[in-house]
Structures are given as structure tokens and as C-alpha cells.
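Here is what each chain is made of, one letter per residue.
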Amino acid sequence: MIMDGNGRWAAERGLPRVAGHRAGVETVRRVVETAPGAGVDVLTLYAFSEDNWSRPPREVTALFGLLEHYLARETSRCLEQGVQIEVIGRRDRLPDALCRAIKQSETRTRQGTRLRLRIALDYSSRTALLAAANAAPGTLTREDLSRALGPDVDLLIRTSGEQRLSDFLLWECAYAEFLFTKRHWPDFTGEDLMNAVAEFRGRKRRFGGLEAAEVAQLQTA
Ligand code: FPP
């Protein structure tokens, strides 16, 4: 999920941008709570991109503070609910306290099997692709790269009206279905997630081939 529109949500209410991010954390809670029941077993949230470093330092610091707070507050609940927390992206530029919180959450929740929650932090898909390619000893296969990066995306949801990938899971989205909603991230609800998954289930995915029904029709023709 590309969680977009926190700033616009705040501006519409005459609030500072960080108030939008704070409200966005509540949405993260709702979505994580709803995801397993909606049939989602891997959920990747784009929390901070490499390009987000160009934001004012105050906003960056506030975002890292919110993330640290979220991990401190939600890890026990995630543990209870069988949610495994995993952070993807660079760690070397993150504040030490946040790195410690990440390590703790990852270690404490590593046995979770109901939902794999991946939080993309200081993340760039291009950087991740380059790192995987450079770490490979010989010729890379598709399987090697997929293993190094993570599971393929079935459904990509972006809130707040923009229709772009913004350097998120480029390889993994090769056959993803896209769903864009005008709703700002802080207004996104558990029901919105349920509806999105229902819409996804109704899509005809062909992966470049034909659907089973089309093949059957050809065989009977
Ligand atoms: C995009 O909105 C949102 C972000 C860059 C940050 C997302 C972070 C959170 C929701 C909070 C922490 C996350 C977790 C996983 C606990 P924007 O600021 O670009 O909004 P705008 O386009 O309206 O300005």
C-alpha cells in the first residue's frame, strides 16, 4: 500500500502536516487489524522512501518518531495477533533508537504466521534491485532476484488520487493489479480494505495468457 495524502488531509483541516501523519498511524493500526480477516497474508506499507529525505528535517524527524512510537506500542499487540513485523529498506541512515526498535519488533514477532507486515523505510525499489544484483556471485536468475527482494505483489493500493508507483516494489509489481482511491490515507478504513480485496477478487488475471474459462471454450469449439 502506498499511504499517500497525509499532508493534504491535514491541510484541509488547517492542521500541520505531522497531524496528518499521526492520523495516518491510526489508519495503519486499522488496516493491520483488518488485513488477516480480509484474506491478506502479506502487507507491505510504504512508510518512508529514499526520496522523502528531501522533506524538511522537522517532518523527517517527526515521521521517525511516529514509527518508533508505533513499534514500541504495537509490537505486543502484533505478537498476540500473530503478526510478523519486518522492515525493508536501508538501515544505515536511520536514527539508532529507531534501528533498535525495529530489531526488537522483528525479533519479538518473528514467529507470527497470520500476517507478514513489511514496513518499507528509507526504501527505494531501484536501490533494492541494484543491491540484490551486486550481491549475487554469478548470473542472476528471476528466482534469485525474487527471493532476494520478496514476494510478488497481487494488489497495489495507492490512496489520495495519484496514479504512480514512486519507486515502490517495481520488480514485485510485474503482474500486480492496481487500485487507486481518491481517499486520503487517514480516511482509509478497514471497510475500504475489505472492498478493495473484494474488487481484486473480481478482476480477471491472465498473466499474459488466457483464463481457464477461455481455454475451456477453445477446447469445446
Ligand atoms: C505520504 O503522505 C505519507 C508518508 C510519506 C508517510 C507515511 C507514514 C505514515 C502513515 C505514518 C507511519 C507509518 C507506520 C507504518 C506506522 P504525504 O505526506 O506525501 O501527503 P501529501 O502528498 O498529501 O502531502
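Higher on the page you've got the structure.
Residues numbered from 1 in each chain as written. Predicted model: local features only at pLDDT ≥ 70, side-chain atom pairs only at ≥ 80, totals over all residues. Heavy atoms only, no water.

## Looking at the site of the ligand
Surrounding the ligand, one finds 18 residues, the nearest of these being Met3, Gly7, Arg8, Arg17 and Arg55. Within the side chain of Asp4, a nitrogen or oxygen atom sits 3.1 Å from an oxygen atom of the ligand. At five residues, helix α2 (residues 17-34) tops the list of elements feeding residues into the shell around the ligand. For the shell around the ligand, the residue count by class is eight nonpolar, six polar and four charged. (Near = heavy atom within 4 Å. Polar contact = N/O pair within 3.5 Å; in protein donor to acceptor, adjacent residues only side chain to side chain. Helix = DSSP H or I, 4+ residues; strand = E, 2+ residues; numbered from the N terminus. Nonpolar A, V, L, I, M, F, W, Y, C, P; charged D, E, K, R; others polar.)

## As for the sheet that holds strand β3 (residues 115-123)
The parallel open sheet is built from three strands, whose spatial order is β1-β3-β2. The sheet terminates laterally at β1 (42-49) and β2 (83-88), the two strands that pair on one side only. Strand-to-strand twist in this sheet, taken as the mean axis angle between neighbours without regard to direction, amounts to 20°. Here β1 pairs with β3 via seven bridges, running parallel. Among the inter-strand pairings, Ser49 is bridged to a residue of β3, identified as Tyr123. Along the sheet, α2 makes contact with β1, β2 and β3, crossing β1 at roughly 165°. (Pairing = 2+ DSSP bridges. Axes fitted to C-alpha atoms, helices over the stretch in contact; angles between N-to-C directions. Contact = heavy atoms within 4.5 Å.)

## As for the pairing of β2
Of all six residues in β2, six are buried, a share of seventy percent or more. Bridging between β2 and β3 involves six bridges; their strand directions are parallel. Across the sheet, the residue bridging to Glu86 is Arg118, located in β3. (Buried < 20%, exposed > 50% of the residue type's maximum accessible area, 1.4 Å probe, protein only.)

## Brief notes about the layout of surface pockets
Its volume calculated, the largest pocket comes out at about 690 Å³. Among the elements of the structure, α1 (6-12), α2, β1 and α3 (57-81) are those that each provide at least two residues to the lining of the largest pocket. Grouping the constituent residues of the lining of the largest pocket by class yields 14 nonpolar, eight polar and nine charged. Around the second largest pocket, the lining is made up of 19 residues, and of these Val40, Asp41, Val42, Asp154 and Leu155 lie nearest the centre. (1 Å grid on protein atoms, 1.4 Å probe; cavity = no way out; pocket = protein on both sides within 12 Å on 5 of 7 lines; lining within 4 Å. Points joined across faces, edges and corners; volume = space filled by probe spheres on them.)

## Some points on a nonpolar patch on the surface
Together, Leu210, Val215 and Leu218 make up an exposed nonpolar region whose accessible area comes to about 270 Å². With respect to the helices, strands and loops of the structure, Leu210 is situated in the loop between α7 (190-202) and α8 (212-220). (Patch = residues over 30% accessible without salt bridge, like charges linked within 9 Å, V, L, I, M, F, W, Y side chains within 5 Å. Areas by Shrake-Rupley, 256 points an atom, 1.4 Å probe, with all protein chains shown as cover. Salt bridge = Lys/Arg side-chain N within 4 Å of Asp/Glu carboxyl O.)

## Overview of the side chain of Glu74
Along the polypeptide, Glu74 turns up in helix α3. For Glu74, a relative accessible area of 9% translates into the label buried. Among the polar contacts listed, one links the side chain of Glu74 to the side chain of Arg29, at a separation of 2.6 Å.

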